[in-house]
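Geometric and topological summary
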Amino acid sequence: MPAGWTIMIFPRFNLLTQVSAGHLVSHLHMMALPALLPVLPGAMGVGFVELGLALSVFNIVSALVQAPLGFAVDRFGARRILMAGLLLGSCSFGSLAVFGSYAWLLVAMALAGLANGVYHPADYAMLSAGIQGSRMGRAFSIHTFSGFIGGAMAPGLLMGIAALGGVRWAFAATALAGLVAWLLLRTGASATEAPKAHPHQEATKSGAPTVRPLSILTPAIAMLTLLYVLLSLSTSSIEKFSVSALVGGYGMNLPWASTAVTAFLFSSAFGVLAGGALADRTRRHGLVAAAAFACAAILTALVAWGRLPEMVLVLCLGAAGFLTGVIAPSRDMLVRAAAPAGAEGRAFGIVSTGFNIGGAIGPVLFGWLLDRGHFGAIFGAAVVFMTLTVGLTLVQEHRAARRRKLAAFGGATAS
């Protein structure tokens, strides 16, 4: 690992390390219920429809609270809100280790959804305020990479614990991970961050106008929210439903299908790191995202075609996963650029609802396709959503380029 990356991550559990630990836990919590789906029907005496409802509760609550929590982050401080979210998420899953009924599962998933709404607005606000601009792309990539790793480790870790000690111990371990991240943030605050004035206070001191609550609802933020919806729909079909599609419609055996999806997930994580280096070397973040996603769409279309040998299909999905990971830091840089000063929490809170909207729509759509035997449509739908994402990203890049030209023209006129 290059020295610059090492310095960013490791010294004295710095800000990036603490925030990334919280993000890893957030994805571990997010994947806890899906990871345990094979054993939960027997443990709770319910079917997959009931468990799917619990997942819907999680996503709906997260979608409803992310924007208000973004305002709370800007008002009360990102670290305080992030620590509260980690504690609430840990308590939610810890309670499932004690109360194992389905009714309580719905309550716990609602509370976990509330906790999940904290992470994106708080994380990105902390990183935007505490990381140098020249390293922001790499910082965003490390943060996103940690989340991908948290999600990727959930199935093996939690199913292993459940096999050894039962589902309750798996939920207890999920809660414990959150408490460890909470302690890291709690003990690292004084060592890593000097007290800073709240952005609104800084704006007031400098004479700059404060950000009005509704001023964040700009066309750029609305477009980026839609972009997040499309990103969620583009990848969730592959992440969650491609194993069933490959086995049921492509004649692939389960080990090969699982290998293909694993290749997609882990390649995505490492693609994020490559995307961070790219994001720090260009201002044309929209072009980077569009080019990477267009190539991913082509590879996914080859998979949808359905005539590839197993190893070639695995390599295609792995390469597509890498490319979808590459765009993540550029995506985050687009949001940061669109956010008014002092309103990063609100901006990321609003656009991140797009992930939850996609998370609520996607399972219904893709499940409907599988129920009707349209297995290839799982990958075909991903191609359609990827293509729409490319188009929307290019529109956003064109708008950003126009703003840069206008700003440069205004500066030249003023000088």
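Report on the accompanying structure. (Residues numbered from 1 in each chain as written. Predicted model: local features only at pLDDT ≥ 70, side-chain atom pairs only at ≥ 80, totals over all residues. Heavy atoms only, no water.)

**So, the environment of Ala 289**
Quick note on the threshold: Under the DSSP-based scheme used, a helix requires at least four consecutive residues in state H or I and a strand at least two consecutive residues in state E, with every element numbered from the N terminus. Any two residues having at least one pair of non-hydrogen atoms within 4.5 Å are treated as being in contact.
Note on placement: Ala 289 falls in helix α12 (residues 285–305). Ala 289 has contacts with Ile 327, Ser 330 and Thr 393, leaving out every residue within four places of it along the chain.

**A short note on the nonpolar core**
What counts here: What makes a nonpolar core is a set of buried Ala, Val, Leu, Ile, Met, Phe, Trp, Tyr and Cys residues whose side-chain atoms join them at distances within 4.5 Å. Here's how the labels work: a residue is buried when its accessible area is under 20% of the maximum for its type, exposed when over 50%, partly exposed in between, all with a 1.4 Å probe on protein chains only.
Ranked by internal contacts, the top residues of the largest apolar core, which has 85 residues, are Leu 82 and Leu 317. Among the elements that line this core, the one with the most residues is helix α10 (residues 219–249), at 14 residues. In this structure, Ala 35, Leu 40, Tyr 102 and Phe 171 belong to the second largest nonpolar core, which totals 25 residues.

**Section: the packing of helix α4 (residues 48–76) against helix α5 (residues 78–96)**
Rule in force here: Axis lines are fitted through C-alpha atoms, for helices just across the contact stretch, and the angle between N-to-C directions can take any value from 0 to 180 degrees. An angle below 35 degrees is read as roughly parallel, one above 145 as roughly antiparallel, one from 65 to 115 as roughly perpendicular, and any other as oblique. Residue classes follow a fixed rule: Ala, Val, Leu, Ile, Met, Phe, Trp, Tyr, Cys and Pro count as nonpolar, while Asp, Glu, Lys and Arg count as charged, and any other residue, Gly among them, counts as polar.
Closest axis-to-axis distance for the α4/α5 pair is 7 Å, and the angle between their directions is 130°. When the axis of α4 is compared with that of α5, the two are oblique. Here Ala 72, Val 73 and Phe 76 of α4 come into contact with α5, specifically with Ala 78, Arg 80 and Ile 81. Here the contact of α4 with α5 is composed, by residue class, of five nonpolar, no polar and one charged.

**Concerning the side chain of Ser 62**
As a reminder of what qualifies: Here a polar contact means two N or O atoms within 3.5 Å. Within protein one must be a hydrogen donor candidate and the other an acceptor candidate, and residues neighboring in sequence count only if both atoms are side-chain atoms.
Note that Ser 62 resides in helix α4. A residue is classified by how much of its surface remains accessible, and Ser 62, at 0% relative accessible area, is buried. Among the polar contacts listed, one links the side chain of Ser 62 to the side chain of Asn 116, at a separation of 3.1 Å. Each residue touching Ser 62, except ones within four places of it in the same chain, is listed here: Gly 113, Asn 116, Gly 117 and Asn 356.

**Examining a nonpolar patch on the surface**
Rules: Excluding any residue in a salt bridge, patches collect residues exceeding 30% relative accessible area, merging like charges within 9 Å and nonpolar Val, Leu, Ile, Met, Phe, Trp and Tyr side chains within 5 Å. Using a 1.4 Å probe, accessible areas were evaluated by the Shrake-Rupley method; residue-level cover was limited to the displayed protein chains. Between Lys or Arg on one side and Asp or Glu on the other, a salt bridge is scored when a side-chain nitrogen of the former is within 4 Å of a carboxyl oxygen of the latter.
On the surface, a cluster of nonpolar side chains totalling about 330 Å² of accessible area is made up of Leu 87, Leu 176, Leu 179 and Val 180. Tallying contributions element by element places helix α8 (residues 167–192) first for the nonpolar patch, with three residues. Turning to its location among the elements, Leu 179 is positioned in helix α8. Accessibility expressed as a relative area gives 35% for Leu 179, which makes it partly exposed.

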